[in-house]
Amino acid sequence: MQLYGLKTCDTCRKALKLLPDATFVDVRVEGVPDDLLQAAQAEFGDKLLNTRSTTWRELGEAERAGDPLDLIRAHPTLMKRPLIRSGDALYLGWDKKTQAALGVGA
């Protein structure tokens, strides 16, 4: 299991605490593999892009109108976190539904 997020993100830290066997990947340092980004966009669509982030608010209208995957590649902090890959399954965020699917509770 891989957890893609930011080491400074409280939500990612909470998820890691309950998923001690997960391998943490800091997207700011290592980025997100392109095949994973494409699979996540196919599964989650617009939800993959965090439009409530400070980074999003700092972007100009022209940048915001660009391809979401290109935006995430250029600004990894725009990805909603955490993105979790467990086998062939993908999970986005750390809500009760994701926790139940992974067999953990907060």
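Please refer to the structure higher up on the page.
In this report, we go over the structure that sits alongside the text. (Residues numbered from 1 in each chain as written. Predicted model: local features only at pLDDT ≥ 70, side-chain atom pairs only at ≥ 80, totals over all residues. Heavy atoms only, no water.)

Turning our eyes to something else, we now look at the nonpolar core. Tyr 4, Leu 48, Met 79 and Leu 83 are the most contacted members of the largest nonpolar core, which totals 31 residues. Broken down by element, the residue count for this core peaks at four residues, all from helix 3 (residues 34–44). For Met 79, the contacting residues outside a window of four places in its chain are Tyr 4, Val 27, Val 32, Leu 48, Asn 50 and Ile 72. (Core = buried A, V, L, I, M, F, W, Y, C linked by side-chain atoms within 4.5 Å. Buried < 20%, exposed > 50% of the residue type's maximum accessible area, 1.4 Å probe, protein only. Helix = DSSP H or I, 4+ residues; strand = E, 2+ residues; numbered from the N terminus. Contact = heavy atoms within 4.5 Å.)

When you line up the elements, Ser 53 lands in the loop between helix 3 and helix 4 (54–58). Those residues in contact with Ser 53 that lie beyond four places of it in its chain are Thr 77 and Leu 78.

Strand pairs in the sheet, formed through backbone hydrogen bonds, run parallel or antiparallel to each other. Ordered by their spatial adjacency, four strands build an open sheet running 2-1-3-4, and the pairing between neighbours is mixed. Looking at the sheet topology across the chains shown, the edges are occupied by strand 2 (23–26) and strand 4 (89–92). For this sheet, the mean angle separating the axes of adjacent strands, direction not counted, is 20°. Sheet topology note: the strand 1 (residues 2–5)/strand 3 (residues 83–86) ladder contains three bridges and is antiparallel. (Pairing = 2+ DSSP bridges. Axes fitted to C-alpha atoms, helices over the stretch in contact; angles between N-to-C directions.)

Now for the environment of Asp 95. On the secondary structure map, Asp 95 appears in the loop between strand 4 and helix 7 (96–101). Considering only alpha carbons, one finds Asp 95 and Thr 11, 84 residues apart in sequence, at a separation of 9.7 Å. From its side chain, Asp 95 meets the backbone nitrogen of Thr 98 in a polar contact 2.9 Å long. (Polar contact = N/O pair within 3.5 Å; in protein donor to acceptor, adjacent residues only side chain to side chain.)

Our next topic: helix 3. Along helix 3, the residues classified as buried are Leu 36, Leu 37, Ala 40 and Phe 44. The buried side chains of helix 3 occupy one side of the element, clustering within an arc of 100° when seen end-on. In helix 3, the exposed residues that point more than 90 degrees away from the buried face are Asp 35 and Ala 42. Residues of helix 3 that are buried in the fold lie against strand 1, helix 6 (68–74), strand 3 and strand 4. (Arc of directions from axis to C-beta.)

What follows deals with unusual backbone geometry. Note: most residues except glycine have negative phi, and most peptide bonds are trans. Pro 82 follows Arg 81 through a cis peptide bond whose omega is -15°. Inspection of the secondary structure puts Pro 82 in the loop between helix 6 and strand 3.

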